[in-house]
Amino acid sequence: MTTIPSRLAQMTRISSSRTEARLRVIDLYRAWVRAAPEICTIYALNVTPTYLRQSIRQKFEQNRHVTDQRAIEVLLLKGQQELQETLNCWKQPDHIYGIILQNNQRPHRTFLQKFYEGRDEDAVLPAASGTV
């Protein structure tokens, strides 16, 4: 397959209203869903296009609560960039499995489960937080 870098390139634009941003999100979602069979073929994934579509929908649903216009624009830009990189075959199959197909949500654990493991992640500060 020949890689054409400008195949999916778009000019960066800012939505003037929430309805325009919503329409752009729907267009991006449709582009991802339509590309699912091609992604499975290009990367020889051992998942069905239906499963890939479900995981794409989950990724979009994770950001459903976002209402800030600037945050929506950033998510749109990143989503379009990911689609372009994916369809231009600029990724390895591991990227597809890790980014698109992996569920990043941790299972909810009770206090006792955390206690038995010997750590409490909610109380641990990251090393780069700058707080002492």
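In the block above lies the structure referred to throughout.
Note that the structure is predicted; figures quoted are calculated from it, not measured.

Draft legend 1. Representation of the overall build of the chain within the structure. Of regular secondary structure, the chain possesses five helices and zero strands. When the helices and strands of the chain are placed in sequence order, the string is α-α-α-α-α. In the chain, buried positions account for 24% of the 132 residues.

Draft legend 2. Focus on the pattern of salt bridges. For the structure on display, the rule yields four salt bridges. A salt bridge links E73 to R24; its shortest N-O distance comes to 2.8 Å. A residue pair is termed long-range when its members are at least 10 positions apart, and E73 in helix α3 (residues 69-87) and R24 in helix α1 (residues 18-42) qualify at 49 residues. No difference in accessibility class separates E73 from R24, as the two residues are buried. With a closest N to O distance of 2.2 Å, E82 and K91 form a salt bridge.

Draft legend 3. Layout of the packing of aromatic side chains. All told, the structure shown has one aromatic pair when counted by the stated rule. The interplanar angle of 80° and the centroid separation of 5.2 Å between the aromatic rings of Y29 and F60 together place this pair among those described as edge-to-face. Placement of Y29 in helix α1 and of F60 in helix α2 (residues 49-62) is noted, with a sequence separation of 31 residues between them.

Draft legend 4. Structural detail: unusual backbone geometry. Unusually for a residue other than glycine, A44 sits at a positive phi of about 50°. With respect to the helices and strands, A44 occurs in the loop between α1 and α2. Taking the relative accessible area as the measure of exposure, A44 reaches 63% and is therefore exposed. Positive phi outside glycine occurs at C89, with the angle close to 65°.

Draft legend 5. The nonpolar core, seen in detail. Core analysis: the biggest nonpolar cluster contains 20 residues, and W32, I39, L45, L52, L83, I96 and I100 have the highest contact counts within it. Counting only elements with at least two residues in this core, the list comes to α1, α2, α3 and α4 (93-100). Apart from residues no more than four positions distant in its own chain, I39 is found in contact with W32, L45, L52, T86, L87 and I96.

Rules and cut-offs
Residues numbered from 1 in each chain as written. Predicted model: local features only at pLDDT ≥ 70, side-chain atom pairs only at ≥ 80, totals over all residues. Heavy atoms only, no water. Helix = DSSP H or I, 4+ residues; strand = E, 2+ residues; numbered from the N terminus. Buried < 20%, exposed > 50% of the residue type's maximum accessible area, 1.4 Å probe, protein only. Salt bridge = Lys/Arg side-chain N within 4 Å of Asp/Glu carboxyl O. Phe/Tyr/Trp six-rings, centres within 6.5 Å; stacked < 30°, edge-to-face > 60°. Core = buried A, V, L, I, M, F, W, Y, C linked by side-chain atoms within 4.5 Å. Contact = heavy atoms within 4.5 Å.

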